[in-house]
Amino acid sequence: MATTKTATKKPRSKSAAAAKPTLKKKVEFRFETLFEREKAVRELIARTCLTMDAYDFNSYLDLCHEDFQYTITTYSPELRKDIIWLDHDKMGMKTLLDVLPLHASDHFLRLTMSRHLSVYTIDYSANDTRASVVSGLQVFNTAKDGGVTELLSVAKYFDTVALEGGKASLLSREVRLDTRMLGETGSLIPF
Amino acid sequence: MPRTGTQWESRPNLPPTHYVDPRVYTDQSLFEEEREKIFDKVWAIVCHESEVPNAYDYRRCQHMGGKELLVVRGKDMKIRVFYNQCPHRGNVIAFEPSGNAKRLTCIFHLWSFDTKGNCVEITREKEGFQDRLSKKDVGLRAVKSEIDMGGFVWVNVDDDCEPLSEFLGDSIDFLQGELSTAPLEIMCYHKTIVPTNYKLWHDTNRDLYHEFLHRQNRLIAMGQPGYLDRQYHMHVHGHVTADPSVNSYKNIEKGTDIRREMGWPGGEANLHKLLNLFPTVTYNMRPPALRIDTMVPLGPEETIVEFRGYGIKGDSDEVRRERMRDYNSFWGPFGRNLPEDFIAIVGQSIGLNHGRGSPYILHGREEETPHSEVCIRHYFAEWSRMMGRSAADPFNEMPAVAAE
Ligand code: FES
Ligand SMILES: [Fe+2]
């Protein structure tokens with residue numbers, strides 16, 4: 001038994017030691033790339049939230065790829081099927097965001113909105129030009145009068161990020177809602 | 001000119017049909033009376049036949065009077081409606097909003113019922129009841145139902161009610177083409193619990209004067225030729241229709257105008273038609289989709305408003321998606337119109353301050369245009385008839401009003 005133990009241990013440490021210089025080099029190289037790339041992806045997702053929280057719609061649109069597709073979806077247990085509540089390409093999103101301030105909305109009159117985000121997973125395509133990102137999202141409302149904060153929605157972002165020309169941009173976003181009853185009035189402002 | 005407290009509190013110089021006491025929107029005792037005299041007496045939509053498309057499908061719904069309902073499609077494809085309540089010790093039978101089950105079994109002590117409402121199993125029946133009570137004594141409570149006006153499941157919990165056709169009268173002619181040319185199919189559903197009275201939501205649905213609130217309506221409808229030439233038409237039981245508006249979508253986002261080409265079978269693509277049925281139902285036909293509002297009032301100042309969006313049965317996935325996109329861009333929870341309506345009625349409720357705020361609510365506009373408030377006066381005439389109370393003076397505190 002003792003012999004077997006030594007026998008198994010030995011080659012493993014030998015092989016690890018033999019591979020060490022190459023592996024180390026490779027890991028260092030890939031780590032640097034991954035780190036930069038992942039930082040760009042994480043920051044992009046975070047900035048989409050920060051710009052929307054600030055109603056800075058132009059900066060939000062700057063983060064979106066020209067082929068951007070945006071949907072807000074949910075599953076309805078009442079109908080036992082999926083529903084799409086908002087469905088826009090980049091132009092549609094721009095037209096919507098441009099005129100939002102001309103509408104009467106809880107989020108301009110009574111509330112401010114805050115998106116809380118946790119990036120869960122990032123998977124890269126084989127050629128590394130796309131990242132699929134899944135994040136957890138909670139959206140909170142804070143009343144302007146008195147400042148009480150309430151949870152408006154629990155959701156996930158299913159994003160595709162384009163990694164082109166040293167830049168990350170949001171190619172598609174599906175906001176998949178758990179919460180289907182959205183406060184007292186719904187939300188004119190997309191998540 | 002600003003007014004003093006006395007001036008503010010005094011009644012307007014209008015007939016009592018032209019304003020209401022704010023407590024009709026806030027008072028608990030009036031609400032209890034509405035449950036008994038209105039909600040449990042009138043026909044109401046609870047869902048659509050396409051929500052239970054297959055044999056053994058069921059849908060759990062709430063009746064406006066507060067009862068839990070179960071809408072079930074049998075093996076014979078007939079839709080039946082029951083109280084969603086076990087006759088044993090009152091547990092609800094279906095918990096899920098919808099499902100499919102050959103037998104409806106109560107989870108508590110496993111009594112089972114078939115889709116016709118018969119009790120088919122009492123666990124340990126003989127041992128417990130000997131011959132004192134049997135399955136035939138404990139069927140489900142059947143609720144009168146009819147499928148009509150586009151395949152909607154209408155119910156009335158009053159066994160002695162008038163037929164649905166009498167309740168609707170000739171109001172149904174208005175949408176006959178749109179509702180009978182091709183079968184409808186539900187696309188989307190959502191609901192909201194709003195801290196306000198159900199009548200405020202319905203007032204808003206009737207009231208075309210409030211189109212000023214909506215940027216979308218200002219752009220697509222209000223500037224169109226003939227907009228102000230339209231009139232309301234009153235029907236039995238407080239129902240009301242308005243001449244359709246001819247909308248143009250050129251001034252709003254690209255694509256919205258194109259989607260109009262999809263149209264609606266039996267209707268005209270650019271016509272927007274509204275049918276408001278006393279006390280809570282609204283048909284909102286704006287091609288390429290139909291919206292239906294129903295309500296479950298939970299209290300004088302708490303209401304579930306349910307929204308259903310429809311396309312046509314057999315629509316391709318692409319067509320369905322376009323209809324849904326259009327519907328939701330106006331009327332979904334992220335739409336451009338619906339949140340505006342809600343913020344207005346929530347604001348009204350804040351102003352009502354549980355009946356201690358606004359001294360009266362005006363419905364006094366008279367003009368031969370869609371900006372008349374005759375549509376709301378017609379509603380309150382029916383409300384007063386059913387309640388046996390004046391809406392302007394529900395507690396008989398002003399003898400002069402009661403006599404008028
Ligand atoms: S309460 Fe339903 S079986 Fe007992
Ligand atoms: Fe409205």
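In this numbering scheme, every chain counts its residues from 1 along its sequence in written order. Chains and ligands are labelled sequentially in the order written, the chains with letters from A and the ligands with numbers from 1. Confidence filtering applies because this is a predicted model: local features only for residues at pLDDT of at least 70, side-chain atom pairs given and counted only at 80 or more, and all residues used for totals across whole chains, interfaces and linings. With hydrogens and water excluded, all non-hydrogen atoms of the structure serve as input to the side-chain values.

1. Quick notes on the overall build of chain A
So, step 1. Across its full length, chain A carries four helices and six strands.
So, step 2. When its helices and strands are written in sequence order, chain A yields α-α-β-β-α-α-β-β-β-β. Counting from the N terminus, the helices are the DSSP runs of H or I reaching at least four residues and the strands are the DSSP runs of E reaching at least two.

2. Quick look at the overall build of chain B
So, step 1. Scanning chain B for helices and strands turns up twelve helices and 20 strands.
So, step 2. The globule rule is 2.2 Å times the number of residues to the power 0.38, and the radius of gyration it is compared with is taken over C-alpha atoms. Taken over the C-alpha trace, chain B has a radius of gyration of 23 Å; the compact-globule value for 404 residues is 22 Å, and the two agree within 12%.
So, step 3. Counting only C-alpha atoms, chain B reaches 80 × 55 × 35 Å along its principal axes.
So, step 4. When accessible area is computed with a 1.4 Å probe and restricted to protein chains, residues below 20% of their type maximum are described as buried, those above 50% as exposed, and intermediate ones as partly exposed. Of all 404 residues assigned to chain B, the portion counted as buried reaches 57%.
So, step 5. Contacts: residue pairs with any heavy atoms within 4.5 Å of one another. Long-range pairs, those at least 24 residues apart, make up 65% of the contacts in chain B between residues at least 6 apart in sequence.
So, step 6. Summed over its atoms, the accessible surface of chain B is roughly 16,500 Å², and 50% of this surface lies on carbon and sulfur atoms.
So, step 7. Only four residue types enter the charge count, namely Lys and Arg as positive and Asp and Glu as negative; His and the chain termini do not. Just so you know, the charge point we use is NZ for Lys, CZ for Arg, CG for Asp and CD for Glu. Taken as two groups, the 49 positive and 59 negative side-chain charges of chain B have centres that lie 5 Å from each other. Here, Shrake-Rupley sampling with a 1.4 Å probe gives the accessible areas, and only protein chains in the shown set may cover a residue.

3. Observations regarding the interface of chain A and chain B
So, step 1. Of the residues lining the interface, 35 residues belong to chain A; the matching set on chain B comes to 37 residues.
So, step 2. Across the chain A to chain B interface the summed buried area is about 3,200 Å²; carbon plus sulfur atoms make up 62%.
So, step 3. Salt bridge criterion: a side-chain nitrogen from Lys or Arg within 4 Å of a carboxyl oxygen from Asp or Glu. Inspection of the region where chain A meets chain B yields three salt bridges.
So, step 4. Across the pair Asp87(A) and Arg321(B) runs a salt bridge whose closest N-O atoms are separated by 2.7 Å. Buried area adds together the accessible area that both of two parts lose upon being put together, with accessible area traced by a 1.4 Å probe.

4. Section: the domain arrangement of chain B
Residue and element names in this part refer to chain B.
So, step 1. Structurally, chain B comprises domain 1 (44-156) and domain 2 (177-387).
So, step 2. These domain limits were set by an automatic method or by a database of domain assignments. Centre-to-centre, using C-alpha coordinates, domain 1 lies 32 Å away from domain 2.
So, step 3. Taking both sides of the interface into account, the surface hidden between domain 1 and domain 2 amounts to around 1,400 Å²; carbon and sulfur atoms contribute 63%.
So, step 4. The three residues of domain 1 that bury the most area against domain 2 are Ile45, Met64 and Met149, which together make up 37% of that side's buried surface.
So, step 5. Where domain 1 touches domain 2, the interface holds one salt bridge.
So, step 6. N or O atoms closer than or at 3.5 Å make up a polar contact, with two conditions inside protein: a donor-capable atom paired with an acceptor-capable one, and, for residues adjacent in sequence, both atoms drawn from side chains. Taken together, domain 1 and domain 2 are joined by four residue pairs in polar contact (both at pLDDT 80 or more).
So, step 7. Secondary structure elements with two or more residues in the side of domain 1 that touches domain 2: strand S2 (44-48), strand S3 (57-62) and strand S11 (152-156).
So, step 8. Sort the elements by how many residues they give to the side of domain 1 that touches domain 2 and S2 lands first, with four residues.
So, step 9. Just so you know the grouping, Ala, Val, Leu, Ile, Met, Phe, Trp, Tyr, Cys and Pro go in nonpolar, Asp, Glu, Lys and Arg go in charged, and all remaining residues, Gly too, go in polar. Tallied by class, the residues present in the side of domain 1 that touches domain 2 amount to seven nonpolar, five polar and three charged.

5. Here's the deal with the environment of Met181(A)
So, step 1. Structurally, the position occupied by Met181(A) is in the segment after strand S6 (167-177).
So, step 2. The spatial distance from the C-alpha of Met181(A) to the C-alpha of Leu152(A) is 8.4 Å, given a sequence separation of 29 residues.

6. Things to note about the sheet that holds strand S9 (residues 119-121) of chain B
Residue and element names in this part refer to chain B.
So, step 1. For two strands to count as paired, DSSP must find a minimum of two bridges between them. Spatially, the three strands line up as an open sheet ordered S7-S8-S9, and their pairing is antiparallel. A strand with exactly one partner marks an edge of an open sheet, and here the two such strands are strand S7 (104-105) and S9.
So, step 2. For strand S8 (residues 112-113) and S9, the ladder comprises two bridges, and the chain directions are antiparallel. Looking at the pairing, Phe113 lines up with Cys119 of S9.

7. Notes on the coordination of the iron ion (ligand 2)
Residue and element names in this part refer to chain B.
So, step 1. Only His210 (NE2), His214 (NE2), Asp341 (OD) and Asp341 (OD) from the protein reach the iron ion (ligand 2) as donors, at distances of 2.0 to 2.6 Å.
So, step 2. The donor set comprises N, O and S atoms within 2.8 Å of the metal, extended to 3.2 Å for Na, K and Ca; water molecules are omitted, so apparent gaps in a site may simply reflect that omission. Here a site with four donors is tetrahedral if all angles are between 85 and 135 degrees, and a site with four or six donors is square planar or octahedral if opposite donors are over 155 degrees apart and the other angles are between 65 and 115; anything else gets the irregular label. Taken together, the four donor atoms coordinating the iron ion (ligand 2) and their angles of 56 to 141° define a geometry best described as irregular.
So, step 3. The class for His214 is buried, based on a relative accessible area of 2%.

8. Some points on the sheet that holds S2(B)
Residues and elements named next belong to chain B.
So, step 1. Strand order in the open sheet formed by seven strands is S2-S11-S10-S5-S4-S3-S6, and the pairing between neighbours is antiparallel. Only two strands of the sheet have a single partner each, and these edge strands are S2 and strand S6 (98-100). Ignoring strand direction, the axes of neighbouring strands in this sheet form an average angle of 30°.
So, step 2. Sheet analysis places S3 next to strand S4 (residues 68-73), joined by five bridges and oriented antiparallel. Every axis in this analysis is a line fitted to C-alpha atoms, fitted for helices over the stretch in contact. Angles between the N-to-C directions lie between 0 and 180 degrees.

9. Examining the side chain of His107(A)
Residues and elements named next belong to chain A.
So, step 1. Mapped onto the secondary structure, His107 falls in helix H4 (residues 106-109).
So, step 2. Under the relative-accessibility criterion, His107 is labelled buried at 1%.
So, step 3. In this structure, His107 is in contact with Tyr55, Thr112, Met113, Asn141, Leu152, Gly186, Ser187 and Ile189, ignoring residues within four places of it in sequence.

10. Brief notes about the nonpolar core
So, step 1. Ranked by size, the top nonpolar core spans 120 residues in total, and within it Tyr60(A), Val161(A), Phe191(A), Trp154(B), Tyr283(B) and Leu290(B) carry the most contacts.
So, step 2. Of the domains in this structure, domain 1 (44-156) and domain 2 (177-387) of chain B are the two that each give at least three residues to this core.
So, step 3. Counting residues in hydrophobic clusters, the runner-up holds 16 residues, among them Cys86(B), Ala101(B), Cys106(B) and Trp111(B). Within this scheme, the nonpolar core is defined by two criteria: the residues are buried Ala, Val, Leu, Ile, Met, Phe, Trp, Tyr or Cys, and they are joined through side-chain atoms within 4.5 Å.

11. Some thoughts on the packing of aromatic side chains
Residues and elements named next belong to chain B.
So, step 1. Pairing of aromatic rings covers Phe, Tyr and Trp, the last counted by its six-membered ring, and requires centre-to-centre distances within 6.5 Å; plane angles under 30 degrees mean stacked, over 60 mean edge-to-face, and any other angle means tilted. All told, the structure shown has 22 aromatic pairs over all chains when counted by the stated rule.
So, step 2. For the ring pair Tyr25 and Phe380, a centre distance of 6.2 Å and an interplane angle of 85° mean the geometry is edge-to-face. You can see Tyr25 sitting in the loop between strand S1 (19-20) and helix H2 (28-39) and its partner Phe380 sitting in helix H11 (residues 374-387), a full 355 residues away along the chain. Phe380 shares its class with Tyr25; the two are buried.
So, step 3. Ring plane angle 75° and centroid distance 5.1 Å describe the contact between Phe152 and Tyr310, whose orientation is recorded as edge-to-face.

12. Points about the packing of helix H6 (residues 198-206) of chain B against helix H10 (residues 338-352) of chain B
Residue and element names in this part refer to chain B.
So, step 1. As a packed pair, H6 and H10 sit with axes 10 Å apart at the nearest point and diverge in direction by 130°. When the axes of H6 and H10 are compared, the pair comes out oblique. H10 is crossed by H6, and the crossing has right-handed handedness. Contacts between H6 and H10 pair Leu200, Trp201 and Thr204 from the former with Leu338, Asp341, Phe342, Ile345, Gln348, Ser349 and Leu352 from the latter.
So, step 2. For the contact of H6 with H10, the residue count by class is six nonpolar, three polar and one charged. Our angle categories are set so that under 35 degrees counts as roughly parallel, over 145 as roughly antiparallel, 65 to 115 as roughly perpendicular, and the remainder as oblique. Should the near helix be turned counterclockwise from the far one by less than a right angle, the crossing is left-handed, whereas a clockwise turn marks it as right-handed.

13. What about a nonpolar patch on the surface?
So, step 1. On the surface, Met181(A), Ile193(B) and Leu298(B) cluster together into a nonpolar patch covering about 190 Å² of accessible area.
So, step 2. Accessibility expressed as a relative area gives 31% for Met181(A), which makes it partly exposed. Patch construction takes residues with relative accessible area above 30% that form no salt bridge. Like charges are linked within 9 Å, and nonpolar side chains (Val, Leu, Ile, Met, Phe, Trp, Tyr) are linked within 5 Å.

14. A look at the pattern of salt bridges
Residues and elements named next belong to chain B.
So, step 1. Counting across every chain of the model gives 41 salt bridges over all chains.
So, step 2. One salt bridge in this structure joins Lys136 and Asp137, with 3.7 Å as the shortest N-O distance.
So, step 3. Relative accessible area serves as the criterion here: at 71%, Lys136 is assigned to the exposed category.
So, step 4. Here Arg291 makes a salt bridge to Asp293, at a shortest N to O gap of 2.7 Å.

15. Points about H6(B)
Residues and elements named next belong to chain B.
So, step 1. Burial of H6 is extensive: nine of the nine residues sit out of reach of the surface.
So, step 2. For H6, every residue scored as buried is listed here: Tyr198, Lys199, Leu200, Trp201, His202, Asp203, Thr204, Asn205 and Arg206.
So, step 3. The distance from a side-chain oxygen at the start of H6 to the backbone nitrogen of Lys199 is 2.8 Å, and the residue carrying that oxygen is Asn197.

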